[in-house]
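Each chain, written out:
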Protein chains: 2
Amino acid sequence: MTIRTIEVREKVMARNDELAAEVRKRLSAHHVGALNLVSAPGSGKTLLLERTLERLGDELSLAVIAGDVQTQNDADRLARHTDRLVQAVVTHGGCHLDARQVLVALEALDLQATDLVFIENVGNLVCPASWDLGETAKVVVFSVTEGEDKPLKYPKMFQQARYAVLNKIDLLPHVPFDLDLAVHHAHAVNADLRFFLTSALTGEGIEEWCDFVRACARSALPV
Amino acid sequence: MTIRTIEVREKVMARNDELAAEVRKRLSAHHVGALNLVSAPGSGKTLLLERTLERLGDELSLAVIAGDVQTQNDADRLARHTDRLVQAVVTHGGCHLDARQVLVALEALDLQATDLVFIENVGNLVCPASWDLGETAKVVVFSVTEGEDKPLKYPKMFQQARYAVLNKIDLLPHVPFDLDLAVHHAHAVNADLRFFLTSALTGEGIEEWCDFVRACARSALPV
């Protein structure tokens, strides 16, 4: 049974990779990049995107595909900050987004009029690491309340990501969290990981993050 | 392929349920209860268990099975607080513990000399909800930094749990978190959920939690 499970899983993953390639092709045809935001539940992905849309919504045409296990709460929150379509994908118990769901969501977006697509994945530090969505890059978001050891305990996610947002830095005075150690652990599993330190709540660090988003929108390639 | 995937998944789950029944039988034969702690990464499960072992380690014989995707960090942290065996289970990328892993871990425990088993599951609010480990009850741990809507966004976990620990209440003055609303949301998906409010960091609420653990150890049934 184990071998059969692995076989089926390999076929599902292979099919996902084909669909991810299709996503990548469509995005590329319109010179549009896509950032896949992955994190544990409650790390602040949605608030980070709200701040991003607030600051850049008039300047850039940013589309969002918001995945959730249940509810469209995140998509509803984001829709308040943009006139652009926010595509909600409810996985109904599924622990990650897959490329098929992204491909369907893309159908509803006018890619010709889009500068950059954000994909807000399901809150889960394990499973989304294994699924290529056709994104330009994965951005792992974690927060100072989660402990410094998360990169060591969930290495695949930090290896798959090209960028890391360490969020909720406004709470640093109130939590036992060693910032340097967290960055050290992250670089131990992925030496190339580029960090952004933010507080989506207070706005600290959001300007540098927005500069990065601007660069992604301009070049369709993360810098 | 989708149908085949579902078939294989159903067989895997059915086999897990058989093994969970075996776990339950073994625990029951020794009148030992097991609490399966489930949460998102970084909610404070390990520190809660450290505090529990500190306070009750001399009074009760508490065993721990600590699951992690990678590293034995949690098991090592816990082992500092107890002379009892802490069984580390590394899932090597697996997003949840399964009953087979618990059954193997139980082999190493002297159940005759055990009052209560804690199972610290992989940090993941999605997948562990679907896996019966033969536990007496699931305890969902979440924290005030994660937002009030987590019970609505991850309803299965809050439905499967009989107890909820809302941790990090020391941070309440520093985060925009409506405690009543969070409890309201949790009871909307599971009206019977009993709450513990704790700060594993400062020790607030830990005494009430320890009274509950004592009761579980005495009766082998959560009260």
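Residues numbered from 1 in each chain as written. Chains lettered and ligands numbered in written order. Predicted model: local features only at pLDDT ≥ 70, side-chain atom pairs only at ≥ 80, totals over all residues. Heavy atoms only, no water.

Attention shifts here to the packing of aromatic side chains. Each aromatic ring pair is specified by the distance between its two centres and by the angle formed by the two planes. What the rule picks out here adds up to 12 aromatic pairs over all chains. Counting every residue linked through ring pairs, the aromatic cluster contains Tyr-163, Phe-196, Trp-209 and Phe-212 of chain A. (Phe/Tyr/Trp six-rings, centres within 6.5 Å; stacked < 30°, edge-to-face > 60°.)

Let us look at the relation of the copies chain B and chain A. Note on the copies: chain B fits chain A at an RMSD of 0.0 Å, the axial shift is 0.0 Å, and the rotation between them is 180°. Seen this way, the second copy is the image of the first under a two-fold rotation axis. Both copies present the same face, since 100% of the interface residues in chain B are matched by interface residues at the equivalent positions in chain A. (Least-squares fit on C-alpha atoms with pLDDT ≥ 70 in both. Contact = heavy atoms within 4.5 Å.)

A few words on the environment of Ala-164 of chain A. Residues and elements named next belong to chain A. Within the secondary structure, Ala-164 sits in strand S6 (residues 163–167). What makes Ala-164 buried here is its relative accessible area of 0%. Linking Ala-164 and Leu-193, residues 29 residues apart in sequence, is a C-alpha distance of 6.5 Å. When residues no more than four places from it in sequence are discounted, the contact partners of Ala-164 are Val-140, Leu-193, Arg-194, Phe-195 and Phe-196. (Helix = DSSP H or I, 4+ residues; strand = E, 2+ residues; numbered from the N terminus. Buried < 20%, exposed > 50% of the residue type's maximum accessible area, 1.4 Å probe, protein only.)

So, about the interface of chain B and chain A. Across the boundary between the two partners, chain B contributes 41 residues, which contact 41 residues of chain A. The junction of chain B with chain A conceals about 3,200 Å² of combined surface from both sides, 63% of it contributed by carbon and sulfur atoms. Along the contact surface separating chain B from chain A lie 4 salt bridges. Lys-153 of chain B serves as the salt-bridge partner of Asp-74 of chain A, at 2.7 Å between the closest nitrogen and oxygen. Connecting chain B to chain A are 8 residue pairs in polar contact (both at pLDDT 80 or more). Secondary structure elements with two or more residues in the side of chain B that touches chain A: helix H1 (2–29), helix H3 (73–79) and helix H5 (150–153) of chain B. Ranked by residues supplied to the side of chain B that touches chain A, first place goes to H1 of chain B with 7 residues. Grouping the amino acids of the side of chain B that touches chain A by side-chain chemistry returns 18 nonpolar, 11 polar and 12 charged. (Buried area = accessible area lost by both parts, 1.4 Å probe. Salt bridge = Lys/Arg side-chain N within 4 Å of Asp/Glu carboxyl O. Polar contact = N/O pair within 3.5 Å; in protein donor to acceptor, adjacent residues only side chain to side chain. Nonpolar A, V, L, I, M, F, W, Y, C, P; charged D, E, K, R; others polar.)

What follows deals with the nonpolar core. Core analysis: the biggest nonpolar cluster contains 53 residues, and Val-140 and Phe-195 of chain A together with Val-140 of chain B have the highest contact counts within it. Those elements giving two or more residues to this core turn out to be strand S5 (137–143), helix H6 (155–160), S6 and helix H7 (179–189) of chain A together with strand S5 (137–143), helix H6 (155–160), strand S6 (163–167) and helix H7 (179–189) of chain B. Residue contributions to this core peak at 3 residues, all from H7 of chain A. Among residues more than four places away in sequence, those in contact with Phe-195 of chain A are Phe-142, Ala-164, Leu-166, Val-183, Ala-186 and His-187 of chain A. (Core = buried A, V, L, I, M, F, W, Y, C linked by side-chain atoms within 4.5 Å.)

Here the focus is helix H4 (residues 99–107) of chain B. Residues and elements named next belong to chain B. Within the span of H4, buried status applies to Ala-99, Val-102, Leu-103, Ala-105 and Leu-106. Projection of H4 onto a plane perpendicular to its axis shows the buried side chains occupying an angular sector of 165°, all on one side. Turned more than 90 degrees away from the buried face of H4 sit Val-104 and Glu-107, all of them exposed. The backbone nitrogen of Arg-100 has a side-chain oxygen 3.2 Å away, supplied by the residue at the start of H4, namely Asp-98. (Arc of directions from axis to C-beta.)

Keep in mind these values describe shape, not function.
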